[in-house]
Amino acid sequence: MTYSYELPPTPSHTVGPFFGYALPFPEGGDLAPAHHPDTLTLRGRVLDGAGDPVPDAFVEIWQPGPDGSRTGAPGSMRRDPVTGQGAGRNGVDFTGFGRISTDADGQWAVHTLPPGGVPYVCLAVFARGLMHHLHTRAYLADDPADALLSSLPEQRRATLIAEPVPGAHRTYRFDIRLQGEGETVFLETA
Amino acid sequence: MSALPPDLSQSGIDAEVAKAQASATTEHHPPRDFPPYRSSALRHPKHPPIPLRDPEAVELSGPAFGTTDIGPLDQDLTRHHTGEPLGERITVAGHVLDRRGRPVRRQLVELWQANAAGRYAHQRDQHPAPLDPNFTGFGRCLTDDEGRYSFTTIRPGAYPWRNHTNAWRPAHIHFSLFGEAFTQRLVTQMYFPGDPLFPFDPILQAVTEQSARDRLVATYDHDLSVPEWSLGYRWDIVLDGPAATWFEDEEEGHR
Ligand SMILES: [Fe+3]
């Protein structure tokens, strides 16, 4: 049987300003198991069209494990069965998923492991004022053979490449500019 | 563009909405640039998005959630404190499907909302309506093998939001959903049938097609009402995303 029909999708809406007590979870940005020697830090800001920080946004990350596995693992949002409160990750398994709110300066940071098999991690950005979230990629290394990067003009392609931070251990900067000069390349996925 | 200052009256916003809807080109999802929703002005990209056509894209897989991510009371928002919250107790339930009508199984559904008086348990919400010590307004659950979700909660109140003069949000519940692919991610809002505030709300009206707006409105379902306990609202959710179409020729069960 072929599926000749398509259901129309449920429309997207903004996350609004008041998600902060609901969606963030303990250790949301700490994907790497504690003290893992390969841990890298990916940090940046979310900026609006005036260049101002966006303090009421959150960023989600999804990536393969270091072994290239794309199945993820449960436990990102682990709950304590006694108190019902957030318990944090178990400190051993790599779930591949994280969620981080921006702070008052629009800053976010994740501590993760290198993605296996691809040079990038997937990011999604949600904010008050943004009626439909945005997908992008942070490339941890330039790759001339990458299909997406090589399809982009030089100036735009640069917005997808995370810059190593000089003097900081295994740390990369990736700013997300929603609009205007240096606007980040966002990906159409639907 | 006019040099006149923007008209912040409801009728001025209504005129902007009508104009923006008339020129909208998006079919299902709202345009990210919707001037009557003031906060969108500096937060929408000017460049068109780049289509992702790579069948090996990591975005076609997605995070996994399980029972360890969920607490036993997470889907009953009326059980998070020692007392009963104020307001009308409701059951909200439905199916999560992909665009081919297949159930989205064992995926995370998160929900958050204002209390019965229209106040969020959030410090930045300064609407002078009472907080409810017995209601926080956040829940989550996993869909079952049929793609079903269910929550017990309180019907939220409408609230003012300062987008323009006399701006009120119709009562709504925020939802966050995951599919099998990261590209199926959805954050949206559910509304209640017959709300008189619908035509005045530039956020709902940013969904420019009436038929698409209708898909954000739950249906009262008497069979879902629990005797002596709660009123039932049914709301089915369809996740967008290329996983529904890219793999048309493949077997089911891909990731
Ligand atoms: Fe709201």
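Residues numbered from 1 in each chain as written. Chains lettered and ligands numbered in written order. Predicted model: local features only at pLDDT ≥ 70, side-chain atom pairs only at ≥ 80, totals over all residues. Heavy atoms only, no water.

Topic: the overall build of chain A
If you tally the helices and strands in chain A, you get two helices and 10 strands. If you list the helices and strands of chain A from N to C, you get β-β-β-β-β-β-α-α-β-β-β-β. Compactness check: chain A gives a C-alpha radius of gyration of 17 Å against a globular reference of 16 Å for 190 residues, within 12% of the reference. Counting over 190 residues, chain A shows a buried share of 55%. Relative to all contacts within chain A whose residues are 6 or more apart in sequence, the contacts with residues 24 or more apart total 67%. Mean positive and mean negative side-chain charge positions of chain A (14 and 22 charges, respectively) differ by 2 Å. (Helix = DSSP H or I, 4+ residues; strand = E, 2+ residues; numbered from the N terminus. Rg over C-alpha atoms; globule rule 2.2 N^0.38 Å. Buried < 20%, exposed > 50% of the residue type's maximum accessible area, 1.4 Å probe, protein only. Contact = heavy atoms within 4.5 Å. Lys, Arg positive; Asp, Glu negative; His and termini not counted. Charge placed at Lys NZ, Arg CZ, Asp CG, Glu CD.)

Regarding the overall build of chain B
Each helix and strand in chain B was counted, giving four helices and 12 strands. Along the longest, intermediate and shortest principal axes, the C-alpha atoms of chain B span 55 × 50 × 35 Å. The long-range fraction of contacts in chain B, counting pairs at least 24 apart against all pairs at least 6 apart in sequence, stands at 71%. For chain B, the accessible area works out to roughly 11500 Å², and carbon and sulfur atoms hold 54% of it. For chain B, the centre of its 25 positive side-chain charges and the centre of its 35 negative side-chain charges are spaced 6 Å apart. (Areas by Shrake-Rupley, 256 points an atom, 1.4 Å probe, with all protein chains shown as cover.)

Quick word on the coordination of the iron ion
Residues and elements named next belong to chain B. Each protein donor to the iron ion is listed here as Y120 (OH), Y159 (OH), H172 (NE2) and H174 (NE2); together their distances run 1.9 to 2.2 Å. Each donor residue of the iron ion belongs to the same chain, and together they define the spacing Y-x38-Y-x12-H-x1-H. Linking Y159 in strand β6 (residues 159-160) with H172 in strand β8 (residues 172-177), this pair joins segments that are 13 residues apart in sequence. H172 carries the same exposure label as Y159, and that label is buried. (Donors = N, O, S within 2.8 Å, 3.2 Å for Na, K, Ca; no water.)

So, the interface of chain A and chain B
Each partner contributes residues to the interface: chain A has 71 residues there, and chain B has 81 residues. Considering only the surface of chain A that becomes buried against chain B, H13, F18 and Y21 of chain A emerge as the three largest contributors, covering 12% of it. The partner of E110 of chain B in a salt bridge is R99 of chain A, with the nearest N and O atoms 2.8 Å apart. Taken together, the connections running from chain A to chain B amount to 39 residue pairs in polar contact (both at pLDDT 80 or more). Sorting the residues of the side of chain A that touches chain B by element identifies β2 (57-62), β3 (97-101), β5 (120-127), β6 (134-139) and β10 (187-188) of chain A as the ones contributing at least two each. (Buried area = accessible area lost by both parts, 1.4 Å probe. Salt bridge = Lys/Arg side-chain N within 4 Å of Asp/Glu carboxyl O. Polar contact = N/O pair within 3.5 Å; in protein donor to acceptor, adjacent residues only side chain to side chain.)

A few points about the nonpolar core
Judged by nonpolar contacts, the single largest core of 41 residues is most densely connected at V15 of chain A together with W112 of chain B. At the level of secondary structure, the elements contributing two or more residues to this core comprise β2, β5 and α1 (147-150) of chain A together with β3 (108-112) and β4 (138-142) of chain B. Not counting chain neighbours up to four residues away, the residues in contact with V15 of chain A comprise L23, F58, F126, A127, R128 and L130 of chain A together with W112, H174 and V187 of chain B. Among the nonpolar cores identified, the runner-up in size contains 39 residues, and A20, V109, Y191 and V217 of chain B belong to it. (Core = buried A, V, L, I, M, F, W, Y, C linked by side-chain atoms within 4.5 Å.)

Notes on the packing of aromatic side chains
Tallied over the entire structure, the rule returns 18 aromatic pairs over all chains. Aromatic pair Y220 of chain B and Y233 of chain B: ring centres 5.8 Å apart, planes at 70 degrees, arrangement edge-to-face. With Y220 of chain B in strand β10 (residues 219-220) and Y233 of chain B in strand β11 (residues 231-234), the pair connects residues that are 13 residues apart, well separated along the chain. Assessed through its relative accessible area of 7%, Y233 of chain B is described here as buried. Here the aromatic residues F18 and Y21 of chain A together with Y120 and Y159 of chain B are joined through ring pairs into a cluster of three or more. (Phe/Tyr/Trp six-rings, centres within 6.5 Å; stacked < 30°, edge-to-face > 60°.)

Concerning the side chain of E59 of chain B
Looking at the secondary structure, you find E59 of chain B in the loop between β1 (50-51) and β2 (89-98). The exposure class of E59 of chain B is buried, given its relative accessible area of 1%. Looking at E59 of chain B, its side chain comes within polar contact range of the side chain of R137 of chain A, at 2.8 Å. Among residues more than four places away in sequence, those in contact with E59 of chain B are Y120, C122, T136, R137 and L187 of chain A together with L52, A181, F182 and T183 of chain B.

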